[in-house]
Amino acid sequence: MQEELHVSERRACRVLGQARAVQRHTPQARDDEDRLTGRIIALAAVYGRYGTPRITALLKHEGWKVNHKRVERIWREAGLKVPRKQPKRGRLWLNDGSCIRLRPERRDHVWAYDFVSARTHEGLPLRLLVIVDEFTRECLSIDVARQLGSDDVLERLSWLMVTRGVPQHLRSDNGSEFTATAVREWLMKVGTRTLYIEPGSPWENGYVESFNGKLRDELLNGEIFYSVKEAQVVIESWRRHYNTVRPHSSLSYRPPAPETLARNTAGAAAAGAGHSATLRALPQEPASAWNVR
């Protein structure tokens, strides 16, 4: 503007509403700018569906002293693409002002489970049984097989309840595997109440549906499975990464079950087992989680 209109810097800044100090400021690159840029690009390549908030959280966990503004600036300069935001959904409210969905209040208060479909490279179907804790956002298990029925659901639930504890509520849709008489009677005996959502209303099971979306977006859409065994190993590895490493936006960008906490808990359990001669051995993990069908 100064060159084209032949005006002074003072007048040009006054017209544009820009401080002269800003006009004369010379940006200074930091010593670690190149290393940080390279690390951000590397993380974006590994976690292709993560945006700047989760990348910032990962950098802080690695020891980088950065804020979100610096990460966003480097993100834009590197030409990285931020994943599209999901549309917000409203809650379902009754006429008396109460909400249909029971909100989890503590660990093991409400579990939710659902099925996810996938395929191997030759087009044959895979079925995934996903179980999550709605309060901690932890994925408790993912069973993978060609077919999964009500017996497999009972086997996985019994193993989780013995090794982790009995939830007070269990939320699901109205699939035949979840509404089977054997499943309902068994849950009644162990003291777990069922929360069936309205037919055709998956948003009422929002926690597990949100997890299913992340599972498909971050893993299933980018993997080719050549066998059931490969799918089981890869999906289980992703589940452990989700629980112990992946920052969760609803948990202030902390993972649901940090690895250090998991190790400490395992160590405490081992120590307790050594001091108790009468401690009953925990059952083995259900065979359905690893059997190829």
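None of these values were measured; they are calculated from a predicted model.

Q: Can you break down helix α10 (residues 206-218) residue by residue, with the values?
A: In an α-helix there are 3.6 residues to a turn, and that puts residues three or four apart on one side. The first and last C-alpha atoms of α10 sit 18 Å apart over 13 residues, in line with the 18 Å expected at 1.5 Å per residue. Along α10, the residues classified as buried are Gly206, Tyr207, Val208, Phe211, Asn212, Lys214 and Leu215. Packing partners of the buried residues in α10 comprise α5 (52-62), β1 (110-119), β2 (125-133), β3 (139-145) and α11 (228-244).

Q: Can you tell me about the sheet that holds strand β4 (residues 169-172), naming the residues and giving the values?
A: The five strands lie next to each other as β3-β2-β1-β4-β5, forming an open sheet whose pairing is mixed. Strands with a single pairing partner mark the edges of an open sheet, and in this sheet they are β3 and β5 (193-196). Within this sheet the neighbouring strands show an average axis-to-axis angle of 20°, counted without direction. Note that β4 and β5 share four bridges and pair parallel. Bridging across to β5, Ser172 finds its partner in Tyr196. Each of β1, β2 and β3 touches α10; the most contacted strand, β1, lies at about 30° to it.

Q: Pulling in residues and values, what's your account of the pairing of β3?
A: As a general feature of sheets, a regular strand has side chains that alternate between the two faces. Along β3, seven of the seven residues are buried, which leaves the element largely enclosed by surrounding structure. Pairing of β2 with β3, which is carried by six bridges, proceeds in the antiparallel orientation. Following the sheet pairing, Val132 is matched in β3 by Cys139. The antiparallel pairing of β2 with β3 creates a hairpin that spans five residues between the two strands, and Arg137 there sits at a positive phi of about 65°.

Q: An account of the packing of helix α7 (residues 150-163) against helix α9 (residues 181-190) is needed here, citing residue identities and associated values.
A: Two numbers describe how α7 lies on α9: the axes approach to 10 Å, and their chain directions differ by 15°. With respect to α9, the axis of α7 lies roughly parallel. Pair α7 / α9 crosses with right-handed handedness. Contacts between α7 and α9 pair Ser150, Leu154, Leu157, Ser158 and Met161 from the former with Ala182, Val183, Trp186, Leu187 and Val190 from the latter. Classifying every residue of the contact of α7 with α9 gives eight nonpolar, two polar and no charged.

Q: Can you lay out the pairing of β1 for me, pointing to particular residues and giving the numbers?
A: When you tally the buried positions in β1, you get eight out of 10 residues, the bulk of the element. Pairing analysis gives three bridges linking β1 to β4, with the strands arranged parallel. Counterpart to Val110 in the pairing with β4 is His169. One ladder, built from nine bridges, connects β1 with β2; its direction is antiparallel. Within β2, the position partnered with Asp114 by the bridge is Val130. The hairpin turn running from β1 into β2, its antiparallel successor, is five residues long, and Gly123 in that turn takes a positive phi close to 95°.

Q: Quick rundown of the packing of helix α4 (residues 33-46) against α5? Include the residues and the values.
A: α5 packs onto α4 with a crossing angle of 120° between their chain directions and a minimal axis gap of 11 Å. Considered as vectors, α4 and α5 are oriented oblique to each other. Between α4 and α5 lies a crossing whose hand is right-handed. Within the contact between the two elements, α4 uses Leu36, Arg39, Ile40, Leu43 and Ala44 and α5 uses Ile55, Leu58, Leu59 and Glu62. Counted by class, the contact of α4 with α5 contains seven nonpolar, no polar and two charged residues.

Q: Residue-level account of the pattern of salt bridges, with values.
A: In the structure shown here, the tally under the stated rule is 19 salt bridges. Here Asp133 ties to Arg164 by a salt bridge, and the two come within 3.1 Å at their closest N and O atoms. In this pair, Asp133 is assigned in strand β2 and Arg164 in the loop between α7 and β4, connecting sequence segments 31 residues apart. Take Asp133: its relative accessible area is 0%, and that puts it in the buried class. Its relative accessible area of 18% is what places Arg164 among the buried residues. Among the charged side chains, a salt-bridge network with shared partners connects Asp32, Glu33, Arg70, Arg73 and Glu77.

Q: Residue-level account of the side chain of Arg239, with values.
A: With respect to the element layout, Arg239 can be found in helix α11. Sequence-distant contacts of Arg239, that is, excluding residues within four places in its chain, are made with Cys139, Leu140, Ser141 and Ile142.

Reading the values: rules and limits
Residues numbered from 1 in each chain as written. Predicted model: local features only at pLDDT ≥ 70, side-chain atom pairs only at ≥ 80, totals over all residues. Heavy atoms only, no water. Helix = DSSP H or I, 4+ residues; strand = E, 2+ residues; numbered from the N terminus. Expected span 1.5 Å × (residues − 1). Buried < 20%, exposed > 50% of the residue type's maximum accessible area, 1.4 Å probe, protein only. Contact = heavy atoms within 4.5 Å. Pairing = 2+ DSSP bridges. Axes fitted to C-alpha atoms, helices over the stretch in contact; angles between N-to-C directions. Parallel < 35°, antiparallel > 145°, perpendicular 65-115°, else oblique. Left-handed = near helix turned anticlockwise from the far one by under 90°. Nonpolar A, V, L, I, M, F, W, Y, C, P; charged D, E, K, R; others polar. Salt bridge = Lys/Arg side-chain N within 4 Å of Asp/Glu carboxyl O.

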